[in-house]
Structures are given as structure tokens and as C-alpha cells.
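Here is how the chains run, residue by residue.
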Amino acid sequence: MNYTIRNEHLAVTASDAGAELQSLRSADGVEYLWQADPAIWHDKAPNIFPYVARLTQGTYTLNGKNYNMKIHGLVKYHTLMLETPVPGGISGENGDGQGAISTAEVIEMGTDHMTFRLESTEQMKEQYPFDFIYRITYTLCGKTLEITTQVENTGSGRMFFGVGGHPGFRVPLEEGLAFEDYYLEFDRPSHPYRVGFTDTCFLTGGDQEYPLEDGRRIPLQHELFDNDAIVLKHAPKTVRIASNLGTRSVTVHYPDFMYVGFWHAVKKEAPYVCIEPWTSLPSRDGIIEDFSCQSDLIGLDAGKTYTNTWTVEIA
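Since this is a predicted model, take the numbers as computed values, not measurements. (Residues numbered from 1 in each chain as written. Predicted model: local features only at pLDDT ≥ 70, side-chain atom pairs only at ≥ 80, totals over all residues. Heavy atoms only, no water.)

Looking only at helices and strands, the protein chain has 1 helix and 25 strands in total. Relative to a compact globule of 315 residues, whose C-alpha radius of gyration would be 20 Å, the protein chain shows 19 Å and is just as compact. Taking the principal axes of its C-alpha atoms as reference, the protein chain extends roughly 55 × 50 × 35 Å. A separation of at least 24 residues holds for 67% of the contacts in the protein chain among residues at least 6 apart in sequence. Total accessible area computed for the protein chain in this model is approximately 13,600 Å², and 45% of it derives from carbon and sulfur atoms. Within the protein chain, the 42 negative side-chain charges are centred at a point lying 2 Å from the centre of the 25 positive side-chain charges. (Helix = DSSP H or I, 4+ residues; strand = E, 2+ residues; numbered from the N terminus. Rg over C-alpha atoms; globule rule 2.2 N^0.38 Å. Contact = heavy atoms within 4.5 Å. Areas by Shrake-Rupley, 256 points an atom, 1.4 Å probe, with all protein chains shown as cover. Lys, Arg positive; Asp, Glu negative; His and termini not counted. Charge placed at Lys NZ, Arg CZ, Asp CG, Glu CD.)

So this is what it looks like as C-alpha cells:
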């Protein structure tokens, strides 16, 4: 089932399957979010928790026991439940339910915000042995969509996790323009480093400075992604997709994320680009990581709640 919130500038739709964004439209009806194509990439904007990207052999260890988990964790493979309702006018719309394990209860929410909730189950704990509540809230503020992730540790011990976003944005955004007319542009000059990956997208430790045009831009070409994602560290916390030949743009601001990734389907002329804020990185090449020792994972004590907000602004 899909749910839509709106204000005078934007209409945003998300599904109860993974709380994944389904649509991000401006008031004049222009769609900014990639609309999925099984022949290219079947997702639109999956939410990442509790692990970012790949685990070596799909496996990690904790307290001497091995666990298996798919790429990008649990949320994208599970249906979320809506939070406590508030009076208002969110609309529910029939969705196709693809990939959903169950259907969330239909609950009325506010006209300009909606919150989804996922609570750990015994089945989930076979993959991730922690008691938790995961929430994601979408809030409209003018031409900006705020995305707030909350992780509450409801167990008795310290838990370890990463979070991230994976939205795909349509490129080009306007008729008559080409993919190559666009660029990614940071809000200030910088000297970021590209995180070194193997051909199978595991860490090598061989990070290298990634040159930016005029210290700020990455001109878009499909060939950029022939070796999978470009993941940067020490980069500014704001980046936009724009073209000098057009008037529409998308700006993503991620103040509390250590890394940002850019991606589209490998070796395809895919008409979108993902901007992916990450708090942590995938496994090292050939190493089955111990969650309690992976230094970039978030450690959250029992009874505590972690909160992280990032935004998408439409120009």
C-alpha cells in the first residue's frame, strides 16, 4: 500500500514495503524520483539498516556466532508498520506489493508528514540478534523533504549498526536535455577521497584523492559507473544534480553522514543517479567482520535512541 503527503510545493508517496519512497513530484507534476525498471534497476529509494552494502560471504560475526544478511540490511526486505496516528489527511493508495512480506495496517497520518515503524522479531533476530525499533519519518517543509531515521535500542546490551539512504533521481530532469548535460556539484570546493573497492565492491584500503572539476563538480557520464559506485569520504555535506542548460535541480544535504555514494546500474545507459548518504562502509575484502569491532558502525547502548536527518530539496 502507498501513502501520499503533500503541501503547496511537493507531493511525496512512500510504500509500506520498506517505507521506500515511490514518488517525489513538484506542484507542476514533474517527477523527480526514478520510477524503477526491472531491466535496469527495480528499486526506487531503498532504506538501509542495519548494514550498509555488502558483507563478505554475506556473513558477519558477533559474540562468536555467525549471522547472514543480504546487501543493505533488513529494511528493504521487510514491510514496515505505521506509527501512532495523528488527525489529518494522508491518503492511502493501492500499491502492487512486490517484495512485501506482509501488508501494513492502514493508518491516517498528517497531511505533511508520515512515520513508518519496524520492530525486531524472532525471525529477524536470526539475521540480526538485537531488540530494536526502527522508525523513518518523511516531513515536507516548503520545497524540502526531510527524512529522519530513528533507531531505538530496546534490548539489554549494546547494539551495532549502520544507516543510509539510496534514492535514485531522474536524469535528465527536463525534456530536450541529455544525461551528459548534468553534473553533481558540491556546495564548496574540496579534496575528497574515493574509497577503494575491489571489483566485487569490498574495501581494499586503497583510498585515493578524487579530483573534482573546479574543485566542486563531477560531470555526469554513464561510464563513471562502469566499475560500480563512487563512494567519497572527506567530501562536503551538500551536493546537487543540476545542468547549466536547465532550470530544475535536486539538492541533497546529509550533515551527519561520513560518506556519500553516487551510483547507477553498471554498464548501462541508466537515466538516473543515486545519491547515497552512508554512516559506514561495507566489509573489507576477504574478511568476515565482527560487528563489535568494525570501527565505523554506530554503537548504541540499551535504552538509547539514535537519530539522523537528511534532506532532499527540489528547485
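Don't stop here, the text continues.
The subject of this paragraph is the nonpolar core. Membership of the largest hydrophobic core comes to 74 residues, with the highest contact counts inside it found for Leu24, Phe49, Tyr128, Tyr138, Phe161 and Phe262. When residues of this core are assigned to their parent elements, the largest contribution, 5 residues, is made by strand E10 (residues 132-141). Counting 17 residues, the second-largest nonpolar core is a separate cluster that includes Val195, Trp263, Ala265 and Tyr272. (Core = buried A, V, L, I, M, F, W, Y, C linked by side-chain atoms within 4.5 Å. Buried < 20%, exposed > 50% of the residue type's maximum accessible area, 1.4 Å probe, protein only.)

A few words on the pairing of strand E1 (residues 2-6). The buried count for E1 comes to 4 of 5 residues, which makes it a mostly enclosed element. By the bridge criterion, 5 bridges tie E1 to strand E2 (residues 10-15) in an arrangement that is antiparallel. Across the sheet, the residue bridging to Ile5 is Val12, located in E2. Between E1 and E2, which pair antiparallel in sequence order, lie 3 residues. (Pairing = 2+ DSSP bridges.)

Another point: the side chain of Arg217. Looking at where Arg217 falls in the secondary structure, it is placed in strand E18 (residues 217-219). A polar side-chain atom of Arg217 sits 3.2 Å from a polar atom in the side chain of Tyr183. Those residues within four positions of Arg217 in sequence are excluded, and the remaining contacts are Tyr183, Leu184, Glu185, Leu212 and Asn244. (Polar contact = N/O pair within 3.5 Å; in protein donor to acceptor, adjacent residues only side chain to side chain.)

Further remarks concern the environment of Thr279. Within the secondary structure layout, Thr279 lies in the loop between strand E23 (272-278) and strand E24 (298-300). Excluding residues that lie within four positions of it along the chain, Thr279 makes contacts with Gly162, Val163, Asp256, Phe257, Met258, Tyr259, Asp296, Ile298, Tyr306 and Asn308.

A word on the environment of Cys293. Its location among the elements puts Cys293 in the loop between E23 and E24. On a C-alpha basis, the gap between Cys293 and Asp37 in space is 38 Å, while along the polypeptide they are 256 residues apart.

Moving on, we get to the pattern of salt bridges. Following the criterion strictly, the structure yields 12 salt bridges and no others. The partner of Glu289 in a salt bridge is Arg284, with the nearest N and O atoms 2.9 Å apart. Looking at Glu289, the relative accessible area reads 4%, which means it is buried. You can call Arg284 partly exposed: its relative accessible area is 41%. Each of Glu122, Lys125 and Asp131 takes part in one network of salt bridges that share partners. (Salt bridge = Lys/Arg side-chain N within 4 Å of Asp/Glu carboxyl O.)

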